Amino acid sequence: MTTPNPSNSTRPFELGLYTFVDGGTNPLTGSKKSPTEVMQNLMETIELADQTGLDVFAIGEHHRKEYLVSAPAVVLGAAAARTKNIRLSTAVTVLSSDDPVRVFQSFSTVDLLSNGRAEIMAGRGSFIESFPLFGYDLNDYDGLFDEKLRLLRQLSESERITWSGKFRAPLDDLGVYPRPVQGKLPIWVAVGGTPESAVRAASMGLPMALAIIGGMPERFAPFFNLYRDAAKEYGFDPTQIPLSVNSHGFIADDSQQAADDYYPIQTYNMNKIGRERGWSPATREQLEKQRFLRGSDFVGTPDEIIEKILFQHEIFNHQRFLLYMGNNAIEHKKMMRAIELFGTKVAPAVRKEIARRNA
């Protein structure tokens, strides 16, 4: 079985945004936004991303106090009614602790509301709160994801399904409804940097979204090579499967202003997570090195972001780039300006150059 056309050489390069919808507390000043204000701001950012011509907007699923979205499909359903063209995805759906049947039904519904613009980006999740919340054993961390991803793929392929596995009740020639407008829901697999995850995505012929949030880009090239080689081994044509890079950053008219808006808050947040995971604390100066050409962060002016996306495209030959600019502690009008610059300055220049390269 092969993935349908178009081939990657004729596929337009896609650019988009993703966010985890944090609660908007500024850790440096203590200022807070109400949850309703954050949600209203979120809707405005999605609308602007659509109006400026960006291709994708993705929302993460979390079950922690500092984040507001535990049910991305609900938010994406609201966004579907307020947008016209942008594709609506997740970043990620924590599939391991959810029911694939219910996930499929929810996103098929979003697909109907959006007239065929829904996607799922499935992942194991970088946080573990959902496992005890929904009664799953962390010892089954990998097995849960593998089984449920295979079931979700089968649900997208077939209207009626017969299936049995270890972690949920079997399905005996049952229909799963509603069906999406697109026929098959696009399912991407989010990969954080383990070779086994890249091979798993390739073995199912599913597009891979690789998170690059630290380190030099060259060190991630083997993941793309591994994916393409594995796809061939499993009978899929890698020239027809899109691949994505997902990274962090922020855009402003002035490069130093972008860094000043982004890095103080980012440093605090990274160190907060680092304390939970036993990482050594980082300084702003250490993190800020990532914003230069061979680092992982996309922080700067539109011209700097364009140069960096195109630099990485030479390394990875990927078909999509998603940027996390979702820190709600940043002033909303600055976030809206960043999205405007991304959609009107960065995206057209990147698309034009990559189309030239592909031609």
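The structure this text deals with has already been given above.
Residues numbered from 1 in each chain as written. Predicted model: local features only at pLDDT ≥ 70, side-chain atom pairs only at ≥ 80, totals over all residues. Heavy atoms only, no water.

Caption draft 1: Examining the packing of aromatic side chains more closely. Applying the stated criterion to the full structure yields 11 aromatic pairs. Judged by centre distance (4.6 Å) and plane angle (25°), the ring pair of Phe-224 and Phe-316 falls under stacked. Placement of Phe-224 in helix 7 (residues 221–233) and of Phe-316 in helix 10 (residues 302–316) is noted, with a sequence separation of 92 residues between them. Neither Phe-224 nor Phe-316 differs from the other in exposure class; each is buried. An aromatic cluster is defined as three or more aromatic residues linked by ring pairs; in this entry it consists of Tyr-18, Phe-20, Tyr-67, Phe-127 and Tyr-324. Lying across the ring of Phe-127, Arg-277 places its NZ or CZ 4.9 Å from the centre. Lys-308 extends its terminal NZ or CZ atom over the ring of Phe-298, reaching a point 5.2 Å from the ring centre. (Phe/Tyr/Trp six-rings, centres within 6.5 Å; stacked < 30°, edge-to-face > 60°. Helix = DSSP H or I, 4+ residues; strand = E, 2+ residues; numbered from the N terminus. Buried < 20%, exposed > 50% of the residue type's maximum accessible area, 1.4 Å probe, protein only. Lys NZ or Arg CZ within 6 Å of the ring centre and 35° of its normal.)

Caption draft 2: Just unusual backbone geometry, in detail. The step from Ala-91 to Val-92 runs through a cis peptide bond, and the omega angle for that step is 5°. Although it is not a glycine, Asn-115 adopts a positive phi angle of roughly 60°. Inspection of the secondary structure assignment puts Asn-115 in the loop between helix 3 (100–114) and strand 5 (120–123). You can call Asn-115 exposed: its relative accessible area is 61%. Of note in this structure, Asn-317 is not a glycine but carries a positive phi near 50°. Assignment of secondary structure puts Asn-317 in the loop between helix 10 and strand 12 (320–324).

Caption draft 3: Molecular detail of the pattern of salt bridges. According to the stated counting rule, one finds 28 salt bridges in the structure shown. Ionic pairing is found between Arg-200 and Asp-142, a salt bridge with its closest N-O pair at 3.0 Å. Taken as a pair, Arg-200 in helix 6 (residues 195–203) and Asp-142 in helix 5 (residues 141–157) lie far apart in primary sequence, 58 residues in all. A relative accessible area of 38% means that Asp-142 is categorised as partly exposed. (Salt bridge = Lys/Arg side-chain N within 4 Å of Asp/Glu carboxyl O.)

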